[in-house]
Amino acid sequence: MDIMYLFVLGFLLILATVDLSVGVANDAVNFMSPAVGAKAAKFRTILIVAVIGIIVGASSSSGMMDVARHGVLQPTLYTFADVMCVFLAVSATDVIVMDIFNTLGMPTSTTVSMVFGLLGGSTALALSKMITEGQSYAELINTDKALTMIIGIFLSVAIAFVF
């Protein structure tokens, strides 16, 4: 394996660690804010419930890995370097976006950040391949899966808003 790929993998590991820290903090705030604001219980009790919720959610969810494995890219049409470039861009963007939003106190979602980062990175790579190799967007991107993810995100927001 080329030495550059080892550096990229190391950087991805660092980004994943930072992203996990920022994402868990974001999820903890989402758990705790309404309960703390409503003074539903003591802060310590709310903190314990949030910790349990995050542990259960993290250990029982495989949604993001499913998106990465069976997501928007058509893996047979990309090289290892292409996929590494997309994952590096997604990881870096996610850390930056989540950190900025959390610093400014703005609401955000780790899942939405990752899904749209993956979709944006994949689209940029697909546009590059369309220009250089003349392939169509539908060949390069799994548009059905991408549309399903986008509709699912917007529907969940709409349903949450209604209820």
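Check the entry above for the structure.
Residues numbered from 1 in each chain as written. Predicted model: local features only at pLDDT ≥ 70, side-chain atom pairs only at ≥ 80, totals over all residues. Heavy atoms only, no water.

Q: Where do I start with the overall build of the chain in this structure?
A: Helix and strand counts for the chain stand at seven helices and zero strands. The N-to-C order of helical and strand elements in the chain reads α-α-α-α-α-α-α. Buried residues in the chain amount to 26% of all 163 residues. Within the chain, contacts between residues separated by at least 24 positions form 70% of all contacts whose residues are at least 6 apart in sequence. Looking at the chain as shown, the accessible area adds up to about 10,500 Å², and 73% of this sits on carbon and sulfur atoms. (Helix = DSSP H or I, 4+ residues; strand = E, 2+ residues; numbered from the N terminus. Buried < 20%, exposed > 50% of the residue type's maximum accessible area, 1.4 Å probe, protein only. Contact = heavy atoms within 4.5 Å. Areas by Shrake-Rupley, 256 points an atom, 1.4 Å probe, with all protein chains shown as cover.)

Q: Looking at this structure, how should I read the side chain of S122?
A: Note on placement: S122 falls in helix α5 (residues 110-133). For S122, a relative accessible area of 0% gives the class buried. Excluding residues within four positions of it along the chain, S122 makes contact with V72, L73, V86 and I141.

Q: Any chance you could explain helix α4 (residues 80-104) here in plain terms?
A: Because an α-helix packs 3.6 residues into every turn, residues spaced three or four apart end up facing the same way. Between its first and last C-alpha atoms α4 spans 36 Å; for 25 residues at 1.5 Å apiece the expected length is 36 Å, and the two agree. Looking only at α4, the buried set comprises D82, M84, V86, V90, S91, D94, V95 and M98. Just past α4, the residue G105 takes up positive phi, approximately 75 degrees. (Expected span 1.5 Å × (residues − 1).)

Q: Would you take a moment to explain the packing of α4 against α5 for this structure?
A: Geometry of a packed helix pair, given as the angle between the helix axes and the separation of the axes. Where α4 meets α5, the closest approach of the two axes is 9 Å, and the angle between their N-to-C directions is 140 degrees. When the interaxial angle is binned, α4 and α5 end up oblique. Crossing of α4 over α5 shows right-handed handedness. Across from D82, V86, F87, V90, D94, V97 and M98 in α4, the residues of α5 making contact are T110, S113, M114, G117, L118, G121, S122, L125 and K129. Partitioned by chemical class, the residues of the contact of α4 with α5 number eight nonpolar, five polar and three charged. (Axes fitted to C-alpha atoms, helices over the stretch in contact; angles between N-to-C directions. Parallel < 35°, antiparallel > 145°, perpendicular 65-115°, else oblique. Left-handed = near helix turned anticlockwise from the far one by under 90°. Nonpolar A, V, L, I, M, F, W, Y, C, P; charged D, E, K, R; others polar.)

Q: How should the side chain of S113 be read in this particular structure?
A: Note that S113 resides in helix α5. Among the polar contacts made by the side chain of S113, one reaches the side chain of D94 at a distance of 2.3 Å. (Polar contact = N/O pair within 3.5 Å; in protein donor to acceptor, adjacent residues only side chain to side chain.)

Geometric descriptors of this kind do not, in isolation, establish any biological role.
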